[in-house]
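# A closer look at the structure
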Amino acid sequence: MPLRARTLLGPGPSNPYPEATAALGLPLLGHLDPLFLQVLDETSDRLRQVFGTANRRTLPLSATGSAGMEAAFVNTVGPGDVVVVAVNGLFGQRMTDVAARCGAEVVAVEHEWGEPVDAERVLAAHPSPKLIAAVHAETSTGVRSDLEPLAAGKGDALLLADCVTSLGGIPVRLDDWGVDLAYSGSQKCLGVPPGLAPFTISDRAWERRIEKPQSWYLDLGMLGGYAGEAAGSGGRTYHHTAPTGMVVSLHAGLGRILEEGLDAVHARHAEAGRLLHEGLQAMGLELFAAEGSRLPELTTVKVPEGVDSAAVRTELLERFDLELGAGAGAYASTVWRIGLMGPNASPAKVALVLGALEDVLGR
Ligand SMILES: *Cc1c(COP(=O)(O)O)cnc(C)c1O
């Protein structure tokens, strides 16, 4: 079947930066080739810069963002540990499931979808949890939550942040804020194909990790050898075959971001988001996420009364090669999700999506 080029403005994989795609066509390196190990080290350095951390244990895990989530929980919480999870969308829900499978006693602090996390309520939910977890940028609702107040009030607890949709889209400063563990995904604002989960863990969290986690593959203690000096273990030993092509692609995508400059990248996302929000409202459409907490990189908009959500998405795909996302969970057919991630965060893409929507909706 011949593949067609699509403009992916959904919540899933974004269109990769050209540099990240081109890197996939380079000669493949062996996973223990010194050249590859150098690329891996540089990739970890670049990840430290985008995460805003000095954590030496920072690396791309060989799996998607959900594996980053799983690695964070399975290495830090075990049977009976209390975990407070802020739930304001699909990915907060997923965290409660993962934590429960680790045997944790999960205290879920539920929020209305579309609202940001209420730090006061989350911090008051339990007097002494081992871990507090929250999603920085909820891709299911298009909402940003502030991590700083959670970090300020965490006390003895560890703070885990899901940065899958925030990294490379809005500012992430883990060390300034006091976040102990975080993970991301290659395919959202980092503008790289899906397949890797950038991951970072502080020394503070490392000291309190589970000695022998349930997972073999995601046991960070064993990944020490894989990550070499970066993980503080000295030499490298075989753990699994690193997806070398993907790491080279992430390396290139991160290089692209750092060359543009993190501030410039964030400003580009902010501007594109602002233009899209204004344009949608000018068409008489209503935004779903709470004002003041709207993500520029993922916009949720209510499907107008009487409009068939799926039919519009199909027409956008067939006539414009443009992929928009459906809503998540209970909002599957009442909300659209429009991603402006990585290279898609541009006025040209905003014009494309607004024009196509105007055409299809007859507005
Ligand atoms: C996409 C996403 C995930 C899961 O990442 P996958 O790469 O799909 O496994 C987790 N959290 C958030 C906020 C996401 O947007």
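Residue indices follow the written sequence of each chain, beginning from 1 at its first position. The model is predicted, so local features are restricted to residues of pLDDT at least 70 and side-chain atom pairs to those at 80 or more, both for listing and for counting; the totals for chains, interfaces and linings are taken over all residues. Heavy atoms from the whole structure form the basis of all side-chain values; hydrogens and water molecules are not counted.

## Here's the deal with the overall build of the protein chain
Under the convention used in this document: Counting from the N terminus, the helices are DSSP H or I runs at least four residues long and the strands are E runs at least two residues long. The globule rule is 2.2 Å times the number of residues to the power 0.38, and the radius of gyration it is compared with is taken over C-alpha atoms. The buried label applies to any residue whose accessible area, calculated with a 1.4 Å probe on protein chains only, is under 20% of its type's maximum; exposed applies above 50%, and partly exposed to all values in between. The contact criterion used throughout is that any non-hydrogen atoms of two residues lie within 4.5 Å. Only the protein chains shown count as covering a residue, and every accessible area follows the Shrake-Rupley method with a 1.4 Å probe.
Looking only at helices and strands, the protein chain has 13 helices and 13 strands in total. Against the compact-globule benchmark of 21 Å for 363 residues, the protein chain has a radius of gyration of 20 Å, which places it among compact chains. Seen through its C-alpha atoms, the protein chain measures out along the principal axes to roughly 60 × 55 × 35 Å. Buried residues in the protein chain amount to 58% of all 363 residues. Restricting the contact set of the protein chain to residue pairs at least 6 apart, pairs at least 24 apart contribute 70%. Within the structure as shown, the protein chain displays about 14,400 Å² of accessible surface, and the carbon and sulfur contribution to it stands at 53%.

## Points about the packing of helix H10 (residues 244-260) against helix H11 (residues 262-282)
Applicable threshold: Every axis in this analysis is a line fitted to C-alpha atoms, fitted for helices over the stretch in contact. Angles between the N-to-C directions lie between 0 and 180 degrees. Throughout this description, any angle smaller than 35 degrees is read as roughly parallel, any larger than 145 degrees as roughly antiparallel, any in the 65 to 115 degree range as roughly perpendicular, and the remainder as oblique.
Remark: H10 packs on H11, axes separated minimally by 5 Å, with the N-to-C direction vectors making an angle of 90 degrees. Looking at the two axes, H10 sits roughly perpendicular to H11. Here Ile257, Leu258 and Glu260 of H10 lie close against H11, whose contacting residues are Leu262, Ala264, Val265 and Arg268.

## Observations regarding the sheet that holds strand S3 (residues 82-87)
Formally: Pairs of strands are assigned from DSSP output, requiring at least two bridges between the strands.
Read across the sheet, 7 strands follow the order S2-S10-S9-S8-S5-S3-S4 without closing on themselves; strand pairing throughout is mixed. Sheet topology places strand S2 (57-61) and strand S4 (105-110) at the edges, where each strand pairs with a single neighbour. Strand-to-strand twist of the sheet, defined as the mean angle between neighbouring strand axes without regard to direction, takes the value 15 degrees. Pairing of strand S8 (residues 158-162) with strand S9 (residues 181-183), which is carried by 3 bridges, proceeds in the parallel orientation. What sits directly across from Asp162, in S9, is Tyr183. Relative to the sheet, helix H3 (residues 65-76) contacts S2, S3, strand S5 (131-135), S8, S9 and strand S10 (197-201), its axis offset from that of S9 by approximately 160 degrees.

## Brief notes about the site of the ligand
Worth spelling out the cut-off: Only a single heavy atom is needed: when it lies within 4 Å of a molecule or strand, its residue is near that molecule or strand. Any pair of N or O atoms that falls within 3.5 Å is considered a polar contact. Within protein, one atom must be able to donate a hydrogen and the other to accept it, and sequence-neighbouring residues count only if both atoms are side-chain atoms.
With respect to spatial proximity, 13 residues lie near the ligand, and among them Thr64, Ser66, Thr139, Asp162 and Lys188 are the closest. One nitrogen or oxygen atom from the main chain of Gly65 is found 2.9 Å from an oxygen atom belonging to the ligand. Burial of the ligand by the surrounding chains reaches 89%, relative to a free accessible area of 380 Å². If you list the elements that add at least two residues to the shell around the ligand, you get H3 and helix H4 (90-101).

## Regarding the domain arrangement of the protein chain
Here is the rule we go by: The domain boundaries here were taken from an automatic or database domain assignment. Buried area: the sum, over both parts, of the accessible surface (1.4 Å probe) that disappears when the two are put together.
With domains assigned, the protein chain is organised as domain 1 (7-13 + 261-361) and domain 2 (18-259). Taking only C-alpha atoms, the centre of domain 1 and the centre of domain 2 are 26 Å apart. With 26 residues of domain 1 at the contact, the number on the domain 2 side is 28 residues. A buried area of about 2,100 Å², summed over both sides, lies between domain 1 and domain 2, and 64% of it is on carbon and sulfur atoms. Looking at the side of domain 1 facing domain 2, the largest losses of area belong to Leu262, His266 and Leu295, adding up to 22% of the total buried there.

## Brief notes about the environment of Met222
Positionally, Met222 belongs in helix H9 (residues 220-227). Met222 gets classed as partly exposed once you look at its relative accessible area, which sits at 30%. Each residue touching Met222, except ones within four places of it in the same chain, is listed here: Trp216 and His239.

## Some details on the pattern of salt bridges
Heads up, the condition is: Put simply, a salt bridge is a Lys or Arg side-chain nitrogen that is within 4 Å of an Asp or Glu carboxyl oxygen.
Scanning the model with the defined rule gives 22 salt bridges in all. In this structure, a network of salt bridges that share partners links the residues Glu19, Arg256, Glu260 and Arg268.

## Quick look at the state of the cysteines
Our working definition: Cysteine sulfur atoms are paired as a disulfide whenever they fall within 2.5 Å.
Under the criterion given, the structure shown has 0 disulfides. Looking at Cys102, it has no disulfide partner, and the nearest cysteine sulfur is the one in Cys163, 19 Å off. We classify Cys102 as buried; its relative accessible area is 11%. There is no disulfide at Cys163, and the cysteine sulfur nearest it, in Cys189, is 11 Å away. A relative accessible area of 0% places Cys163 in the buried class.

## Focus: the packing of aromatic side chains
The relative placement of two aromatic rings is captured by the distance of their centres and the angle of their planes. Convention followed: Aromatic rings from Phe, Tyr and Trp, taking only the six-membered ring of Trp, are treated as a pair when their centres fall within 6.5 Å; an angle between ring planes under 30 degrees marks them as stacked, one over 60 as edge-to-face, and anything in between as tilted. The rule for a charge over a ring is simple: NZ of Lys or CZ of Arg within 6 Å of the ring centre, and within 35 degrees of the ring normal.
Per the counting criterion, the structure on display carries 2 aromatic pairs. The interplanar angle of 55 degrees and the centroid separation of 4.8 Å between the aromatic rings of Phe288 and Tyr331 together place this pair among those described as tilted. Taken together, the residues span a long stretch of sequence, with Phe288 in the loop between H11 and strand S11 (298-302) and Tyr331 in the loop between strand S12 (322-326) and strand S13 (335-339) at a distance of 43 residues. For Phe288, a relative accessible area of 16% corresponds to the buried category. Accessibility expressed as a relative area gives 25% for Tyr331, which makes it partly exposed. A connected cluster of aromatic rings, assembled from ring pairs, spans Trp113, Phe288 and Tyr331. The ring of Trp206 carries the charged tip of Arg209 above its face, separated from the ring centre by 3.9 Å.

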